[in-house]
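Close look at the chain arrangement
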Amino acid sequence: MTANLRRRKLFSRIFEVLCGLTVVVALIPLAMILFYVIKEGAGALNLDFFTKMPKPVGESGGGMANAIVGTLILIGIAALVGVPIGCLCGIHLAEYPGRKFSSIVRFAADVLNGVPSIVIGIFAYGLVVLPVKRFSAIAGGVALGLLMIPIVVRTTEELIRLVPGGLREGALALGATRSRAVFGVIVPAALPGILTGILVALARVAGETAPLLFTALSNRFWSTSLTQPIASLTVQVYTYAQSPYDDWHRQAWAGAFLLVMMILTLSIAARLAVRRLERMNRS
Amino acid sequence: MTSIAPELMSHSEPAEATEGQRTARHPQPKPAIRPSGGGFLGALSTEPRAERPTANRGGTSPDRNDSLQQEQTMSDSKISVRDFDFFYGPAKVLHGISLEIPARRVTALIGPSGCGKSTFIRSINRMNDIIPEARASGTIVIDGKDVYGGDTDVVELRRRVGMVFQKSNPFPKSIYDNVAYGLRIGGMRNKRQLDEVIERSLTRAALWHEVKDRLHASAMALSGGQQQRLCIARALAVDPEILLMDEPASALDPIATSKIEELIYELKDNYTIVIVTHNMQQAARVSDRTAFFMLGRLIEYADTNAIFMTPKEKMTEDYVTGRFG
C-alpha cells in the first residue's frame, strides 16, 4: 500500500515537472523575441526616428515618421470598417444565440478568423484596388478591417454574455423594447470589455504586414492621402530588414521595437479593463 | 361594497395602526412561528391576523364564509386566469391554471421548487416571451383584456405590470438613473418632474433617507437589501397597477427581509401584488390570498388563513406543515 502510494506520488511529481518544463519551452521564444527587440531596437530608437523622413539609400540617419503616421491612419480606417460590423454582429449573436442564422454567422466568423491574412489582402486588392487601378490607404485599411471583424465579433459576443441576464429582464420588465434594453443597459454594462476587445483586435492588425503588401503598398514620401499608397511600420520594417544596409537594419529593429511595445501596451490595457468588468459583474 | 367590509376590517386593521405599533409588531411573527409545542399552525394563531378564522370556527359556519369570499374576490378581480397551460418546448410545465387575483390585495404563490410558480408569475407580464420555444395557451385577462391576445402590446403591458426579481438587478448606473430608467423610456425628460417622481418612488420603497445624499453614486455600491428596494422603487416609478415579485427577499438577511415585507404591506393599498415565495411564514405574514402550486398544477387557492389553518387538500396540509417540500 505504501509502495503504491509512493509510486503514485512519484508519477504525480514527474508530471508536474513535465508541465512546468513545457511552459518554460513555450515562453522561451517570447522571451527571446522581447530580449532581441529590446536589445537591438531600444538603442536605435531616438527622436529622429519619430520625426524624420527616411533618407535616400546610402545616407545614414533619418526616421520613419511617415510610416508611424501611416500605421495610425491604416488602423483608423480598419476601426471604421471593423468595429461597427463586428460589434453589431457580436450583439446579434449574444442576443439571439439559439437561432440557426446565428450559428451560421458564428461559424463564418471562426472561418474568417482562420483565413490567412495574405488571402484577405488579395480579397481587398480585388475589391478596392482593381476597380480604381491604384494602391491606396483605403484598400489597406479595408483589408485590416476585414481581419478585425471576426475578433471583434467573438469578443463582443462573449462580453455581452458576461452581463448578468437579470439586467436584460430588469429593463424589459420596465417596458423597454428589446433594442432599448440592449443599447441602453446591456451594451453600456459590457462597454469596457467591448472596448478592450476592439483594442486587442487593433493591436493584432497593427502588426500585420501581408495584407498591406498589395493594398496600401508603401510610400517613401510623406502622404496622408487616403487614395494614395501609404507607408506603414510593418511594411517598412519588412523592406528595411531585407536591405543590405546596416543603418536600415538598425531602423528596422527600432520599428519592430515600437510595434511590439504598442501591442504590449494595448494588451495590458485590455487585461486590466476586463478584470474591472468581471469584478463589477460579480458584485 | 358592504360585502367587502368584513375582509377589509380584519386585514387593514394592522395597516391603520400607528407606525410604532406596526414596526413593533412586524419582527414578532418570526420568533412566534418557531415551533414551540403548538408547531407552525399553533404559532400562527397567536398572530393578530389569524383572529378571524379562529373566530369563525366558534361563530358562523366557515364554509358559508368561504363561498362569500369567493364571490367578492370574483367581483373585484384584477387578473383573471383561465385554463392556462405553459410549455417549454415539448415539456408542459403548467397545467390548466385557473384563478382570480383580487385587486389591491397581496396574493402569494407557494409550492416546492420546480412547481411552476415562477413560470406562472412570469407569464403574467410575458417575461417568458424571451425564452425560445416557450409557448402558452389559455387566457390571462387583466382588466378585461387578454394578455396573450394578438393586439396586446408587450411593452405597454410590462409598463402596467411591474416586476421585482429574486436576484436584485440594479443597472450599473447611478441610483438616480436606475429609478429614472423606466420614466425616460416613457418619454419623461423634464428634470423637475423626474426629480419629483424619483424622490416619491424612493420614499415609497423606504430607501429615500438612506440614499438621498448620494443619488448620483453607483447603485452597485448599495447593500443587497438596498439594491432590492431600489429595484422596487424603479418598478414603482412608472406607476404600475400590478406588482409581480418573484421571491423578492430570498437572497436577503432577516432585517432586509422584514423591511421588504413591511413595504409590501404598505404597498397593497395601491397596488395589486403577486408574490412568489419559498418562505411559508412570509406568505402567511404578507398575503391575503395564497395559491399552492405543485408539479405545475394549482392545488388549492383560498384566503391565506384558510390555506394555513384549514387547508382542504391533503397535499396543501402536508406542505404547509412541512411534511414535504
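It should be noted that the structure appears before, not after, this text.
How each quantity is defined
- Residues numbered from 1 in each chain as written.
- Chains lettered and ligands numbered in written order.
- Predicted model: local features only at pLDDT ≥ 70, side-chain atom pairs only at ≥ 80, totals over all residues.
- Heavy atoms only, no water.
- Contact = heavy atoms within 4.5 Å.
- Buried area = accessible area lost by both parts, 1.4 Å probe.
- Salt bridge = Lys/Arg side-chain N within 4 Å of Asp/Glu carboxyl O.
- Polar contact = N/O pair within 3.5 Å; in protein donor to acceptor, adjacent residues only side chain to side chain.
- Helix = DSSP H or I, 4+ residues; strand = E, 2+ residues; numbered from the N terminus.
- Nonpolar A, V, L, I, M, F, W, Y, C, P; charged D, E, K, R; others polar.
- Pairing = 2+ DSSP bridges.
- Core = buried A, V, L, I, M, F, W, Y, C linked by side-chain atoms within 4.5 Å.
- Buried < 20%, exposed > 50% of the residue type's maximum accessible area, 1.4 Å probe, protein only.
- Axes fitted to C-alpha atoms, helices over the stretch in contact; angles between N-to-C directions.
- Parallel < 35°, antiparallel > 145°, perpendicular 65-115°, else oblique.
- Left-handed = near helix turned anticlockwise from the far one by under 90°.
- Expected span 1.5 Å × (residues − 1).
- Patch = residues over 30% accessible without salt bridge, like charges linked within 9 Å, V, L, I, M, F, W, Y side chains within 5 Å.
- Areas by Shrake-Rupley, 256 points an atom, 1.4 Å probe, with all protein chains shown as cover.

1. Concerning the interface of chain A and chain B
Taken together, the contact pairs 19 residues of chain A with 23 residues of chain B. Across the chain A/chain B interface, buried area totals approximately 1,800 Å², and carbon plus sulfur atoms make up 66% of it. Among the residues chain A hides against chain B, the three largest losses belong to E169(A), A173(A) and L174(A). Together they make up 34% of the total. For the pair chain A and chain B, the interface holds one salt bridge. The interface formed by chain A and chain B holds three residue pairs in polar contact (both at pLDDT 80 or more) in total. When contributions to the side of chain A that touches chain B are tallied by element, the ones reaching two or more residues are α7 (165-173) and α8 (178-206) of chain A. At seven residues, the largest contribution of residues to the side of chain A that touches chain B is made by α7(A). Grouping the constituent residues of the side of chain A that touches chain B by class yields 10 nonpolar, six polar and three charged.

2. Details of the sheet that holds strand β2 (residues 91-102) of chain B
Strand order in the open sheet formed by four strands is β2-β1-β4-β5 (chain B), and the pairing between neighbours is antiparallel. For this open sheet the edge positions go to β2 and β5 (145-146) of chain B, each flanked by a neighbour on one side alone.

3. Digging into the nonpolar core
The biggest cluster of nonpolar side chains holds 83 residues, and the ones touching the most others in it are M148(A), I79(B), F120(B) and I124(B). Filtering out sequence-adjacent residues up to four positions away, I79(B) remains in contact with L99(B), E100(B), I101(B), I124(B), I140(B), V141(B), I142(B), I242(B) and V274(B). Of all hydrophobic cores here, the second largest spans 52 residues; its members include V106(B), I110(B), L202(B) and L243(B).

4. Some details on the packing of helix α3 (residues 65-95) of chain A against helix α4 (residues 100-114) of chain A
All names here are of chain A. α4 packs onto α3 with a crossing angle of 135 degrees between their chain directions and a minimal axis gap of 9 Å. On the basis of the axis angle, α3 is oblique to α4. For the crossing formed where α3 meets α4, the hand is left-handed. Of α4, the residues touching α3 (which contributes C89, H92 and L93) are F101, S102, V105 and R106. Class assignment for the residues of the contact of α3 with α4 results in four nonpolar, two polar and one charged.

5. Brief notes about the packing of helix α10 (residues 191-204) of chain B against helix α12 (residues 224-237) of chain B
All names here are of chain B. The interhelical angle for the contact between α10 and α12, taken along N-to-C directions, is 130 degrees, at an axis separation of 8 Å. Considered as vectors, α10 and α12 are oriented oblique to each other. Here α10 runs over α12; the crossing is right-handed. Residue-level inspection shows V197, S201, L202 and R204 of α10 in contact with α12, the latter providing L230, A233, L236 and A237. The residue makeup of the contact of α10 with α12, split by class, is six nonpolar, one polar and one charged.

6. So, the sheet that holds strand β7 (residues 242-246) of chain B
All names here are of chain B. Across the sheet, six strands lie side by side as β6-β7-β8-β3-β9-β10; this open sheet has mixed pairing. Each of the sheet's edge strands pairs with one partner strand only, and the pair in question is β6 (161-164) and β10 (297-303). Each adjacent strand pair in this sheet contributes to an overall mean axis angle of 15 degrees, direction not counted. Across five bridges, β7 lies against strand β8 (residues 272-276) in parallel orientation. Within β8, the position partnered with I242 by the bridge is T272. Sheet strands in contact with α12 are β6 and β7, and its direction is about 175 degrees off that of β6. Contacts between helix α13 (residues 254-267) and the sheet are confined to β3 (106-110), β7 and β8, with β8 contributing the most and set at about 150 degrees to the helix.

7. Some thoughts on α12(B)
Compared with an ideal rise of 1.5 Å per residue, which puts 14 residues at 20 Å, α12(B) spans 20 Å between its outermost C-alpha atoms and is within 8% of the ideal. Looking at the residues trailing α12(B), positive phi occurs at D239(B), about 55 degrees.

8. Quick look at the environment of H95(B)
Residue and element names in this part refer to chain B. Along the chain, the position of H95 falls in strand β2. Along the backbone, H95 and L207 are 112 residues apart, and their C-alpha atoms lie at a distance of 39 Å. Non-local contacts of H95, meaning those with residues more than four positions away in its chain, are made with F84, D85, L295, G296 and R297.

9. With respect to a nonpolar patch on the surface
Residue and element names in this part refer to chain A. Residues L10, F11, I14, F15, V17, L18 and L21 make up a contiguous nonpolar surface patch of roughly 680 Å² in combined accessible area. Among the secondary structure elements, I14 is positioned in helix α1 (residues 2-44). By relative accessible area, which is 41% here, I14 ends up partly exposed.

10. Some thoughts on unusual backbone geometry
Even without glycine at this site, L217(A) takes up a positive phi of about 55 degrees. Here L217(A) shows up in the loop between α9 (210-213) and α10 (233-242). The phi torsion at D83(B) lies on the positive side, around 45 degrees, for a residue other than glycine. Mapped onto the fold, D83(B) is located in strand β1 (residues 77-88). By relative accessible area, D83(B) is classed as exposed at 51%.

11. Details of the pairing of β8(B)
Residue and element names in this part refer to chain B. Of all the five residues making up β8, five are buried; the element is thus mostly covered by neighbouring parts of the structure. Here β8 shows no split at all, with T272, V274 and V276 on one side and I273 and I275 on the other all buried. Note: β3 against β8, four bridges, orientation parallel. Of the residues in β8, the one forming a bridge with V106 is I273.

12. Structural notes on the pattern of salt bridges
Counted under the stated rule, the structure contains 27 salt bridges over all chains. Across the pair E157(A) and R161(A) runs a salt bridge whose closest N-O atoms are separated by 2.9 Å. Of this pair, E157(A) and R161(A) are both found in helix α6 (residues 137-162), four residues apart, which corresponds to roughly one turn of the helix. One salt bridge in this structure joins K78(B) and E241(B), with 3.0 Å as the shortest N-O distance.

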